[in-house]
Amino acid sequence: MNLEDLIMAHEIPIRLSFFFGIFAVMAVWEVLAPRRRLSVSRAVRWGNNLALVFLNSFILRLLFPAAAVGMALFAREEGWGLLNYFAVPEAVALMATVIAMDLVIYLQHVMVHAVPLLWRLHRVHHADPDFDVTTGARFHPLEIILSMLIKFATILVLGPPVVGVVIFEVLLNVTAMFNHANVRLPEQLDRVLRLFVVTPDMHRVHHSVEDDEANSNFGFNLPWWDRLLGTYRDQPRAGHQAMTIGIHRFRTPREVSWLPAMLWLPFKGRITAYAINRRQWGESDEP
Ligand SMILES: [Zn+2]
Ligand SMILES: [Zn+2]
């Protein structure tokens, strides 16, 4: 049995064991040594954030039963996509898949901050007044659907190996839970680690209420895009303890912490609010 057969035969158990395994590790770590105090009780946060995660999984299965793996199989059968067209060694194809799909996720993340209509969807992720392992999967169903469509398009152009798609998705799931966790890594370790993966301290900057900080550190998995493309920011101005997490406009638990309110959040207010390309600069960061 080759690697692909093995992974395809056990795809669901592989995905679930990574999800629950890393979730459990990060959750215990958060309880034992939290980085910040939560402003909303863990019961409310987890109940509602996880309910949204399950709703999203349900919607995705309903709309796209074959999911990204199905699209990769389709592309291979049709011979579509760069990696199906050109003969590339397996290891190179796998690495290219993870790196290219991660770059697309980064660009998509910049896009949902830049386009006002899309920011309304993405602000559900940012409206969380705290930052913990459940924040990592807290996205509006419409943003989840948009992500899946962009992933499909990427797969059609890239023609990635099926195993590469599964590796990428499991990796993203794991790193998103890791780098949203409310935990503290020793400073030295964080410095080394963030050369290879986005760490909690690196991504926490992105959840700052301050516009310029929220428009930094868009990476979810590989940290290189932010450094290469100029969106990297080392630490939050106020420090990790004192910084405010969330968005300016919606801050009460009634507006941001309960599932029905989260689902309604994109439809509140006029489309004039904050977006990356329309903000008023308070003070310039330019030298
Ligand atoms: Zn964001
Ligand atoms: Zn985030």
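Residues numbered from 1 in each chain as written. Chains lettered and ligands numbered in written order. Predicted model: local features only at pLDDT ≥ 70, side-chain atom pairs only at ≥ 80, totals over all residues. Heavy atoms only, no water.

Each helix and strand in the protein chain was counted, giving 16 helices and zero strands. Its C-alpha atoms give the protein chain a radius of gyration of 19 Å, near enough to 19 Å, the size a compact globule of 287 residues would have. Counting only C-alpha atoms and orienting by the principal axes, one finds that the protein chain spans roughly 55 × 45 × 45 Å. The buried share of the protein chain, taken over its 287 residues, is 50%. The contacts in the protein chain between residues at least 6 apart in sequence include a share of 75% that link residues at least 24 apart. Working note: accessible area of the protein chain is about 14000 Å², and carbon and sulfur atoms make up 68% of it. Positive and negative charge centroids in the protein chain, built from 26 and 26 side chains respectively, lie 8 Å apart. (Helix = DSSP H or I, 4+ residues; strand = E, 2+ residues; numbered from the N terminus. Rg over C-alpha atoms; globule rule 2.2 N^0.38 Å. Buried < 20%, exposed > 50% of the residue type's maximum accessible area, 1.4 Å probe, protein only. Contact = heavy atoms within 4.5 Å. Areas by Shrake-Rupley, 256 points an atom, 1.4 Å probe, with all protein chains shown as cover. Lys, Arg positive; Asp, Glu negative; His and termini not counted. Charge placed at Lys NZ, Arg CZ, Asp CG, Glu CD.)

A few words now on the coordination of the zinc ion (ligand 1). Six octahedral donors around a metal ideally make angles of 90 or 180 degrees; four tetrahedral donors ideally make 109.5 degrees. Binding of the zinc ion (ligand 1) to the protein goes through His109 (NE2), His113 (NE2), His122 (NE2), His126 (NE2) and His206 (NE2), at separations of 2.1 to 2.2 Å. Each donor residue of the zinc ion (ligand 1) belongs to the same chain, and together they define the spacing H-x3-H-x8-H-x3-H-x79-H. The distance between the zinc ion (ligand 1) and the zinc ion (ligand 2) comes to 5.6 Å. With His113 in helix α6 (residues 90–114) and His126 in helix α7 (residues 116–126), the pair connects residues that are 13 residues apart, well separated along the chain. The exposure class assigned to His113 is buried, which follows from its relative accessible area of 0%. Judged by its relative accessible area of 1%, His126 falls in the buried class. (Donors = N, O, S within 2.8 Å, 3.2 Å for Na, K, Ca; no water.)

Our next topic: a nonpolar patch on the surface. Side chains of Met95, Ile99, Leu107, Trp224, Leu228 and Leu229 sit close together on the surface and give an oily, nonpolar patch of about 600 Å² of accessible area. Elements with a contribution of two residues or more to the nonpolar patch: α6 and α13 (224–229). (Patch = residues over 30% accessible without salt bridge, like charges linked within 9 Å, V, L, I, M, F, W, Y side chains within 5 Å. Salt bridge = Lys/Arg side-chain N within 4 Å of Asp/Glu carboxyl O.)

A few words now on the coordination of the zinc ion (ligand 2). Taken together, His125 (NE2), His180 (NE2), His203 (NE2) and His207 (NE2) make up the full set of protein donors to the zinc ion (ligand 2), lying 2.1 Å away. Around the zinc ion (ligand 2), the four donor atoms sit at angles spanning 90 to 163°, and that spread fits a shape best called irregular. One chain supplies every donor to the zinc ion (ligand 2), and in sequence these donors are spaced H-x54-H-x22-H-x3-H. (Tetrahedral: all angles 85-135°; square planar, octahedral: opposite > 155°, others 65-115°.)

Turning our eyes to something else, we now look at the pattern of salt bridges. Two side chains that carry opposite charge are able to pair once their charged atoms sit near each other. Considering all chains together, one arrives at 17 salt bridges under this definition. Glu169 is the partner of Arg15 in a salt bridge, and the nearest nitrogen-oxygen pair spans 2.7 Å. Of this pair, Arg15 sits in helix α2 (residues 11–32) while Glu169 sits in helix α9 (residues 162–179), and the two are 154 residues apart along the sequence. A residue is classified by how much of its surface remains accessible, and Glu169, at 12% relative accessible area, is buried. Three or more residues joined by partner-sharing salt bridges are found here, namely Arg45, Asp128, Asp130, Asp132 and Arg138.

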